[in-house]
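Architecture and fold: a report
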Amino acid sequence: MGTDLHDVLRSLRVWDAELPSFDPASAPAEPLALFTEWFTRAVAAGQTEPHTMSLATADEDGLPDARIVMLHGADENGWSFASHATSRKGRQLAERPYAALGFYWPAQGRQIRIRGPVTTASPEESQADLHARSTGALAAALVGRQSDVLPSLAELDRASDAAWERAESAPDSPAPTWTLYRLRPDEVEFFQGDARRRHARLVYRRTETGWTTELLWP
């Protein structure tokens, strides 16, 4: 007997837990402070992998692409993530250096949407970011060839084993194409879900003199 996807979808519910309140009138003047507060609360609420986010880019024809990546940091210079410059996302960002990020934390019914231009850090800073991470992260970076066609899983096993051996024996090994990217937001939207669907949406927009804020209809 097959499974009816639509029946499964209709059986699902969201936000079974009590959701936090959010008063946009009390929001700080800049989005980074509110992001930091929400992120910290998501961690405290037990949200699984709150540092993962969707990254949306566009290819040379303007066609969209999206995937999940890990947040490496956020400060006055922007929200940072990393990848190989030769990967699909790296090539797309080289062609069109503008992207969007999306965080979703269902434990609190919250999401954050960020978009803006993307720049690359220096090779020295990119390598420092890589070597501050785990041995597994270094091994994965040393495998390289991200997004290239893989002839077989056996070849991946061989490359991965060799990369792990190198990462463990020479933890300072460079991965030349590994690149730290920063998205400097033009716009940041904070969404607080409400069980009665009266969602609160607050959007920050960058101007020449600072940030402006507006409420959006749910």
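For the structure itself, consult the block above.
Residues numbered from 1 in each chain as written. Predicted model: local features only at pLDDT ≥ 70, side-chain atom pairs only at ≥ 80, totals over all residues. Heavy atoms only, no water.

With that out of the way, let us pick up the nonpolar core. With 27 residues, the main nonpolar core has Phe35, Phe81, Leu101, Phe103, Ile112, Ile114 and Phe190 as its most contacted residues. Only α2 (31–44), β1 (52–58), β4 (78–84), β5 (98–105), β6 (110–120), β7 (178–183), β8 (187–192) and β9 (200–207) provide two or more residues apiece to this core. Excluding its chain neighbours within four sequence positions, the residues that come into contact with Ile112 are Phe35, Trp38, Leu101, Gly102, Phe103, Trp105, Val188, Glu189 and Phe190. Among the nonpolar cores identified, the runner-up in size contains 14 residues, and Ala82, Leu130, Ala163 and Ala175 belong to it. (Core = buried A, V, L, I, M, F, W, Y, C linked by side-chain atoms within 4.5 Å. Buried < 20%, exposed > 50% of the residue type's maximum accessible area, 1.4 Å probe, protein only. Helix = DSSP H or I, 4+ residues; strand = E, 2+ residues; numbered from the N terminus. Contact = heavy atoms within 4.5 Å.)

It is worth spelling out unusual backbone geometry at this point. Unlike most non-glycine residues, Glu49 shows phi in positive territory, near 45°. In the Ramachandran plot, Ser147 falls in the positive-phi region, its phi being about 80° despite a non-glycine side chain. Tracing the backbone shows Ser147 in the loop between α5 (135–143) and α6 (153–169).

This brings us to helix α4 (residues 123–131). Taken as a whole, α4 has its buried residues at Ser126, Gln127, Asp129 and Leu130. Down the axis of α4, the buried side of the element spans an arc of 155°, and every buried residue falls inside it. (Arc of directions from axis to C-beta.)

Attention shifts here to the environment of Ala27. Its place among the elements puts Ala27 in the loop between α1 (5–11) and α2. Residue classification places Ala27 among the partly exposed positions, given a relative accessible area of 22%. For Ala27 and Thr86, which are 59 residues apart along the polypeptide, the C-alpha to C-alpha distance reads 39 Å. With residues near it in sequence (within four places) discarded, Ala27 still touches Leu34, Leu202 and Tyr204.

With that settled, consider the environment of Ser87. Structurally, Ser87 can be placed in the loop between β4 and α3 (88–95). Not counting residues up to four positions away in its chain, the partners in contact with Ser87 are Gln146 and Ser147. Reaching out from Ser87, the side chain makes a polar contact with the backbone oxygen of His84 at a distance of 2.7 Å. (Polar contact = N/O pair within 3.5 Å; in protein donor to acceptor, adjacent residues only side chain to side chain.)

Further remarks concern the side chain of His84. Considering the arrangement of structural elements, one finds His84 in strand β4. Within polar-contact distance, the side chain of His84 engages the backbone oxygen of Ala141 at 3.3 Å. In this structure His84 touches Gly90, Ala140, Ala141, Gly144, Gln146, Thr177, Trp178 and Tyr181, once residues within four positions along its chain are discounted.

Where nonpolar side chains cluster on the molecular surface, the patch consists of Leu5, Val8, Leu9 and Leu12 and spans about 380 Å² of accessible area. Within the fold, Leu9 resides in helix α1. (Patch = residues over 30% accessible without salt bridge, like charges linked within 9 Å, V, L, I, M, F, W, Y side chains within 5 Å. Areas by Shrake-Rupley, 256 points an atom, 1.4 Å probe, with all protein chains shown as cover. Salt bridge = Lys/Arg side-chain N within 4 Å of Asp/Glu carboxyl O.)

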